[in-house]
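The lines below spell out each chain.
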Amino acid sequence: MIVVVGKESPAYVEAAGEVSVRFVDTLADASDVYGDMEAVIGRVPPDVLAKAPRLRWVHSPSAGVDADLTPEMLASPVVLTSSAGNGGISLAEHSILLMLMLSRDVPRWMRAQAERRWDHYRHGELAGRTVGIYGLGNSGLDLAAKAKAFHMRVLGVRRRSGQPSPNVDELCDLDRLLAESDFVVVTAPRTPSTLGVFGRDAFARMRSTAYFICISRGGIADDEALLEALRTGQIAGAGLDAHGVEPLPPDSPFWSLPNVVVTPHNGATSDGTLRRHQEIVADNIRRFTGGEPLRNVVDKAAGY
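Residues numbered from 1 in each chain as written. Predicted model: local features only at pLDDT ≥ 70, side-chain atom pairs only at ≥ 80, totals over all residues. Heavy atoms only, no water.

Enquirer: It is not clear to me how the overall build of the protein chain should be interpreted in this structure. Could you clarify?
Expert: A tally of regular secondary structure across the protein chain gives ten helices and twelve strands. For the protein chain, whose C-alpha radius of gyration is 21 Å, the value lies close to the compact-globule estimate of 19 Å for 304 residues. Residues classed as buried in the protein chain amount to 50% of the 304 residues present. Of all intrachain contacts in the protein chain linking residues separated by at least 6 positions in sequence, the fraction that spans at least 24 positions is 56%. Summing over all exposed atoms, the protein chain offers an accessible surface of approximately 14700 Å²; the carbon and sulfur share of this is 52%. Between the averaged position of the 32 positive side-chain charges in the protein chain and that of its 37 negative side-chain charges there is a distance of 5 Å. (Helix = DSSP H or I, 4+ residues; strand = E, 2+ residues; numbered from the N terminus. Rg over C-alpha atoms; globule rule 2.2 N^0.38 Å. Buried < 20%, exposed > 50% of the residue type's maximum accessible area, 1.4 Å probe, protein only. Contact = heavy atoms within 4.5 Å. Areas by Shrake-Rupley, 256 points an atom, 1.4 Å probe, with all protein chains shown as cover. Lys, Arg positive; Asp, Glu negative; His and termini not counted. Charge placed at Lys NZ, Arg CZ, Asp CG, Glu CD.)

Enquirer: Just to check I follow, could you spell out the pattern of salt bridges for this structure?
Expert: Side chains bearing opposite charge may pair, as long as their charged atoms lie close to each other. According to the stated counting rule, one finds 22 salt bridges in the structure shown. The partner of Asp142 in a salt bridge is Lys146, and the shortest N-O contact between them spans 2.2 Å. In this pair, Asp142 and Lys146 both sit in helix α6 (residues 138–149), four residues apart, roughly one turn of the helix. Among the ionic pairs, Asp175 bridges to Arg205, the shortest N-O distance being 2.4 Å. Taken as a pair, Asp175 in helix α7 (residues 174–180) and Arg205 in helix α8 (residues 200–205) lie far apart in primary sequence, 30 residues in all. For Asp175, a relative accessible area of 41% translates into the label partly exposed. Its relative accessible area of 36% is what places Arg205 among the partly exposed residues. (Salt bridge = Lys/Arg side-chain N within 4 Å of Asp/Glu carboxyl O.)

Enquirer: Is there a simple way to explain the sheet that holds strand β11 (residues 237–240) in this structure?
Expert: Within a beta sheet, neighbouring strands are joined by backbone hydrogen bonds and run either parallel or antiparallel to one another. Strand order in the open sheet formed by seven strands is β8-β7-β6-β9-β10-β11-β12, with parallel pairing between adjacent strands. Every interior strand has two partners, whereas the edge strands, β8 (170–171) and β12 (260–262), have only one. Direction of pairing for strand β7 (residues 153–157) relative to β8: parallel, over a ladder of two bridges. Within β8, the position partnered with Gly156 by the bridge is Leu171. Sheet strands touched by helix α4 (residues 88–103): β6 (130–134), β9 (183–186), β10 (211–214), β11 and β12. Its angle to β10, the strand with the most contacts, is close to 155°. (Pairing = 2+ DSSP bridges. Axes fitted to C-alpha atoms, helices over the stretch in contact; angles between N-to-C directions.)

Enquirer: How do you make sense of the sheet that holds strand β2 (residues 21–24) when you look at a structure like this?
Expert: In spatial order, the strands read β2-β1-β3-β4-β5; together these five strands make up an open sheet with parallel pairing. Sheet topology places β2 and β5 (79–81) at the edges, where each strand pairs with a single neighbour. Adjacent strand axes in the sheet meet at a mean angle of 15° when their direction is disregarded. Here strand β1 (residues 2–5) pairs with β2 via four bridges, running parallel. In the strand pairing of β2, Val4 is matched with Phe23. Relative to strand β4 (residues 57–59), helix α10 (residues 271–289) is tilted by about 170°, and along the sheet it contacts β1, β3 (39–41), β4 and β5.

Enquirer: Can you walk me through the packing of aromatic side chains in this structure?
Expert: The relative placement of two aromatic rings is captured by the distance of their centres and the angle of their planes. Inspection of every chain in the model, using the stated rule, returns eight aromatic pairs. Seen from their ring centres, Trp109 and Tyr121 are 5.3 Å apart, and the 35° between their planes marks the pair as tilted. One end of the pair, Trp109, is in helix α5 (residues 106–114); the other, Tyr121, is in the loop between α5 and β6, and twelve residues separate them in sequence. In this structure Tyr121 comes out as buried when scored by relative accessible area, which is 13%. (Phe/Tyr/Trp six-rings, centres within 6.5 Å; stacked < 30°, edge-to-face > 60°.)

Enquirer: Explanation requested: the packing of α4 against α6 in the structure shown.
Expert: At their nearest, the axes of α4 and α6 sit 8 Å apart, and the two run at 50° to each other. It follows that α4 is oblique to α6 by the angle criterion. The handedness of the crossing between α4 and α6 comes out as right-handed. Taken together, the residues of α6 that come into contact with α4 (itself represented by Gly88, Ile89, Leu91, Ala92, Glu93, Ser95, Ile96 and Met99) are Asn138, Ser139, Asp142, Leu143, Lys146 and Ala147. Counted by class, the contact of α4 with α6 contains seven nonpolar, four polar and three charged residues. (Parallel < 35°, antiparallel > 145°, perpendicular 65-115°, else oblique. Left-handed = near helix turned anticlockwise from the far one by under 90°. Nonpolar A, V, L, I, M, F, W, Y, C, P; charged D, E, K, R; others polar.)

Enquirer: I tried to follow the side chain of His94 on my own but got confused; where do I start?
Expert: With respect to the helices, strands and loops of the structure, His94 is situated in helix α4. Residues contacting His94, with those up to four places away along its chain left out, are Ile215, Asp241, Thr263 and Gly267.

Encoded structure:
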């Protein structure tokens, strides 16, 4: 039996063939069949993992799986897959949006519009600027392609250096990326090796005219170090879709800083993201029931 947490999809039933598929609003609604579950599309809490002896496969609804990798999941032989690639296009678009908003100071225009005030000023442009992309997965590589369309130079840092990196002018280490980039964009997953990478040291190595953008996961940047860099002018500004604490608390200083654009972690909340997620799930259900290798298998030790 395959249990799907979420709305019904005929494509999933068709992909499963003769294998039974049950749709539930929450996994607790399937408590009567925990012993029969072989696969779950959705997150599986540790207590449920212990009650599902036949479980062989779990598919995370997210591209990032930091919330799924509980100690129990790490110790389990259950195969974990992700929806990596579903939001890459949308997140790359969101990165470009934040870069444009910051370089042209769009909040200043919005304030002027609210006040019905004609505020004509000289602003920046992306052409000729350097974007440094920290993490060249699906969203990072799509951002590289979009950045080249804006006539930008693209630097990139990636863990697996042997893989192709189209539209990236140069792969480099983090020190060089920080020193040479006008925009530093974090598209990497949150893992033990990326947690807190952007701290006081990292922001001190950025240009005072550079912008920091995070669209993947909070926690990769140290919030206190980022606030200090923004308040002191160590960096020019930030575009933040992913935050260390979510939802971002109403009393967070990030809301009111004039050089920060805040969005509520919905850079990938698009119809296209949902469609691609459903396509990945349907394909994996077909593969699972047909005994084929699954897509997007997570390396639990690496965290993605």
